[in-house]
Amino acid sequence: MRRPYLLIDVDGVLNPINPPPDMGFETYRFRGHEVALTSLHGKWLRDLGRWFDLVWCTTWEQQAPRHFGPVLGLFDLPVIRFGSAYGKLPDVIEFVGDRPCAWIDDRIKQDDREWAEAREPATLLVEPDPMVGMTELHHAELGLFGQQLDRPPETESQLDL
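Small disclaimer: the values here were computed from a predicted structure and weren't measured.

Reading guide: rules and limits
Residues numbered from 1 in each chain as written. Predicted model: local features only at pLDDT ≥ 70, side-chain atom pairs only at ≥ 80, totals over all residues. Heavy atoms only, no water. Pairing = 2+ DSSP bridges. Helix = DSSP H or I, 4+ residues; strand = E, 2+ residues; numbered from the N terminus. Axes fitted to C-alpha atoms, helices over the stretch in contact; angles between N-to-C directions. Contact = heavy atoms within 4.5 Å. Right-handed = clockwise from strand over helix to strand, strands pointing away. Buried < 20%, exposed > 50% of the residue type's maximum accessible area, 1.4 Å probe, protein only. Parallel < 35°, antiparallel > 145°, perpendicular 65-115°, else oblique. Left-handed = near helix turned anticlockwise from the far one by under 90°. Nonpolar A, V, L, I, M, F, W, Y, C, P; charged D, E, K, R; others polar. Expected span 1.5 Å × (residues − 1). Arc of directions from axis to C-beta.

**Q** Would you explain the sheet that holds strand S4 (residues 53–56) in this entry?
**A** Taken in spatial order, the 4 strands of this open sheet run S4-S1-S5-S6, and their pairing is parallel. The open sheet terminates on both sides in strands that have one partner only, identified here as S4 and strand S6 (123–126). The mean angle between the axes of side-by-side strands here comes to 15°, regardless of whether they run parallel or antiparallel. Here 4 bridges tie strand S1 (residues 5–8) to strand S5 (residues 101–104), and the two strands are oriented parallel to one another. The residue bridging Ile8 from the neighbouring strand is Ile104, located in S5. Here helix H3 (residues 89–96) sits on the sheet in contact with S1, S4 and S5, set at roughly 155° to S1.

Have a look at this one:
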């Protein structure tokens with residue numbers, strides 16, 4: 001079985017509008033924009049890499065691995081490129097194909113929810129508050145989802161034991 005993807009947005013997820021003071025955020029300047037990042041997010045994402053293939057899913061596109069990857073300790077992650085004028089979803093659909101996935105983004109739309117609910121492969125949407133970004137609860141939710149996908153499904157014979 002192929003590992004699920006974890007699609008990672010940046011702004012509002014790893015770069016919150018109002019970074020919590022207790023999470024060790026530092027300010028960086030990339031392409032004329034101030035960005036607040038914490039190594040804690042990098043640690044959580046690397047941890048989630050036990051169950052997921054991590055993928056940048058951000059409008060920063062090719063800039064994500066260049067700027068955010070080194071700060072967060074996330075090297076050589078693939079990037080979803082957005083060519084659609086209709087948001088991220090068409091390009092996400094093409095990229096993930098029939099693989100299970102989790103998608104953490106602060107702007108999940110109704111179309112995204114409908115797509116996720118209708119998919120046969122397991123799909124989890126996680127929508128952090130853009131003021132706060134990714135929290136320990138999001139990390140735990142994603143980890144539980146990844147662990148559940150990693151377990152073989154129980155069969156009747158296993159249940160009878």
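After that view of the structure, there is still more to cover.
**Q** Can you walk me through the pairing of S6 in this structure?
**A** Within a regular beta strand, the side chains point alternately toward one face of the sheet and then the other, so they alternate between its two faces. Across 4 bridges, S5 lies against S6 in parallel orientation. Its bridge partner being in S6, Ile104 is matched across the sheet by Val126. Regarding the hand of the β-α-β motif, the stretch spanning S5, helix H4 (residues 110–118) and S6 is right-handed.

**Q** When you look at helix H2 (residues 63–72) in this model, what are you seeing that I'm missing?
**A** Two residues of an α-helix separated by three or four positions point the same way, owing to the 3.6 residues in each turn. All buried positions along H2 are accounted for by Gln63, Ala64, His67, Phe68, Gly69 and Leu72. Downstream of H2 by one or two residues, Gly73 has phi in the positive range, about 70°.

**Q** Teacher, can you tell me more about the packing of H3 against H4 here?
**A** Each packed pair of helices is defined by two parameters, the angle between the axes and the distance between the axes. Where H3 meets H4, the axes come as close as 10 Å, and the angle between the chain directions of the two elements is 25°. In terms of orientation, H3 lies roughly parallel with respect to H4. Handedness of the H3/H4 crossing: right-handed. Between H3 and H4, the contacting residues are Leu89, Val92, Ile93 and Val96 on the first element and Asp111, Asp112 and Trp115 on the second. Its residues placed into classes, the contact of H3 with H4 shows 5 nonpolar, no polar and 2 charged.

**Q** Would you mind going over helix H5 (residues 136–150) with me for this structure?
**A** Here H5 contains 15 residues, and its C-alpha end-to-end distance of 21 Å stays within 8% of the 21 Å for a straight helix at 1.5 Å per residue. Of all the residues in H5, the buried ones are His138, His139, Leu142, Gly143, Phe145, Gly146 and Leu149. With its buried residues spanning 160° around the axis, H5 presents them on a single face. Exposed positions of H5 whose direction lies more than 90 degrees from the buried face are Glu136 and Leu137.

**Q** What exactly am I supposed to notice about the packing of helix H1 (residues 39–48) against H5 here?
**A** At a minimum axis distance of 10 Å, the contact between H1 and H5 shows a crossing angle of 5°. Relative to H5, the element H1 is oriented roughly parallel. Together, Trp44, Asp47 and Leu48 of H1 and Glu136, His139, Leu142 and Gly143 of H5 make up the contact between the two elements. Taken together, the residues of the contact of H1 with H5 sort by class into 3 nonpolar, 2 polar and 2 charged.

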